[in-house]
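Notes for the structure review
Next come the chains, spelled out residue by residue.
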Number of protein chains: 2
Amino acid sequence: MFSGAQISLYPMADDFVGVILGALGALDPYRDRLRIETDDISTLLVGPPEVLFPALRDLFVAAARSGKHCVLSAAISRGCPGEPDDPICRSDAFGGPVGPLGPRKEAAITAVRNAAATGQPAAAQFSLYVMGTGDHMDEIYGCIDFLKQSGVYDRSKNFCTKLRGDTGAIFSALNEAFCRFGPGAGHVTLDVTVSANSPSAV
Amino acid sequence: MFSGAQISLYPMADDFVGVILGALGALDPYRDRLRIETDDISTLLVGPPEVLFPALRDLFVAAARSGKHCVLSAAISRGCPGEPDDPICRSDAFGGPVGPLGPRKEAAITAVRNAAATGQPAAAQFSLYVMGTGDHMDEIYGCIDFLKQSGVYDRSKNFCTKLRGDTGAIFSALNEAFCRFGPGAGHVTLDVTVSANSPSAV
């Protein structure tokens, strides 16, 4: 199943190019397991979720450690029927039959609670979109219920759910939302915003 | 039908707060027709598409005229079954029966070609998500076909379509994608990025 993301990193600083270039080294340990293409709006990362989410986490932490207000924005997708399959995306994280919501929520909560801390606090919000089924809201409500018990839940907002906590737990929660909700082989996307060092943060 | 957006404006500048505050006046003509709430990640705008898209366009143009590299990111949604209805969202732009794709594409192309120019060039990319139906890809392919004939099509990318042109035509294309594709009363979202003054733009 094809999976990947279009990502953009926004350092709110005159030296945004320097902050971005300084953070890119964080992707080096993942480069042989991702296909990467950059243009003036975003960078495409094609690969399986078990590579994608740690890579995004490490990139964001590296940028946030500049001390500048930094935002990572990402459109993350799996199973889009319009995308060709790619061997680099092979993953054990999805594709099998989907069991009842209860055990999936429990597994997701456990994963987030066991996520390694990065020491970098962040705020985030995201929307989960499940396509091609008539019962997409059941999966979305199940995911929101998992988030409320995940330890990084901040609050529900219109159109999205807001998270707050250590960057490690936040990216683990995004990974779990992406892999455990929606049909195993279905078309599922996330619209993600992660923010650090905002002067407006409360 | 409930409709609105979570939006964020990212000026890549040390004085990002000044650029944002300087642009906010562009929303003044629309404030009585929108519900607006801000936190440290995004600003919620609740209202109908005929107010929302011009408001976003004018906000973006005002920020871009600072000359700084600015990005507007937005999660735009209509018809989410989890949102309560709100009288401020009443619109003639959707809700009726959906006819064949051909005339919808033609109407969308005409609207974009007639959009007033702002004089501000921009690049953009977005994804259209149609939920709750089994034939969502037909609507997405129909929308992509419209975009290719819209005058602002740049190229197809994985997970999204890239646009380039005058900011007026770009926001018109986003408006048309949002209102004319997917079921009239259905759950449809856009994941939008609009960029100006990028040093990487070609």
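Criteria and cut-off values
- Residues numbered from 1 in each chain as written.
- Chains lettered and ligands numbered in written order.
- Predicted model: local features only at pLDDT ≥ 70, side-chain atom pairs only at ≥ 80, totals over all residues.
- Heavy atoms only, no water.
- Least-squares fit on C-alpha atoms with pLDDT ≥ 70 in both.
- Contact = heavy atoms within 4.5 Å.
- Patch = residues over 30% accessible without salt bridge, like charges linked within 9 Å, V, L, I, M, F, W, Y side chains within 5 Å.
- Areas by Shrake-Rupley, 256 points an atom, 1.4 Å probe, with all protein chains shown as cover.
- Salt bridge = Lys/Arg side-chain N within 4 Å of Asp/Glu carboxyl O.
- Helix = DSSP H or I, 4+ residues; strand = E, 2+ residues; numbered from the N terminus.
- Buried < 20%, exposed > 50% of the residue type's maximum accessible area, 1.4 Å probe, protein only.
- Arc of directions from axis to C-beta.
- Buried area = accessible area lost by both parts, 1.4 Å probe.
- Polar contact = N/O pair within 3.5 Å; in protein donor to acceptor, adjacent residues only side chain to side chain.

Under an unreviewed UniProt entry, chain A has the name HMP/thiamine-binding protein and belongs to Rhizobium loti.

**As for the relation of the copies chain B and chain A**
Turning chain B through 180° and shifting it by 0.0 Å along the axis lays it on chain A, with an RMSD of 0.0 Å. This pairing of chains is accounted for by a two-fold axis. A share of 100% of the interface residues of chain B reappears at the interface of chain A, consistent with the copies meeting face to face through the same patch.

**Some words on a nonpolar patch on the surface**
Residue and element names in this part refer to chain B. On the surface, a nonpolar cluster with roughly 240 Å² of combined accessible area is contributed by Val 17, Leu 21 and Leu 24. With respect to the helices and strands, Leu 24 occurs in the loop between α1 (16-23) and β2 (35-38). Residue classification places Leu 24 among the partly exposed positions, given a relative accessible area of 30%.

**Comments concerning α1(B)**
Residues and elements named next belong to chain B. Among the residues of α1, those classed as buried are Phe 16, Val 19 and Ala 23. Each buried residue of α1 lies within a common arc of 65° when the element is viewed along its axis, so the set occupies one face. Along α1, the residues that are exposed and aim more than 90 degrees away from the buried face are Leu 21 and Gly 22. Against β1 (3-11), α2 (49-64) and β4 (70-78) lie the buried residues of α1.

**Details of the interface of chain B and chain A**
Often the size quoted for an interface is simply the accessible area lost on bringing the parts together. Taken together, the contact between chain B and chain A spans 58 residues of the former and 58 residues of the latter. Across the chain B/chain A interface, buried area totals approximately 4,400 Å², and carbon plus sulfur atoms make up 60% of it. Among the residues of chain B in contact with chain A, Asp40(B), Ile41(B) and Phe159(B) are the three that bury the most area, contributing 18% of the side total. For the pair chain B and chain A, the interface holds 10 salt bridges. With a shortest N-O distance of 2.8 Å, Lys157(B) and Asp39(A) are connected by a salt bridge. Remark: the boundary between chain B and chain A carries 23 residue pairs in polar contact (both at pLDDT 80 or more).

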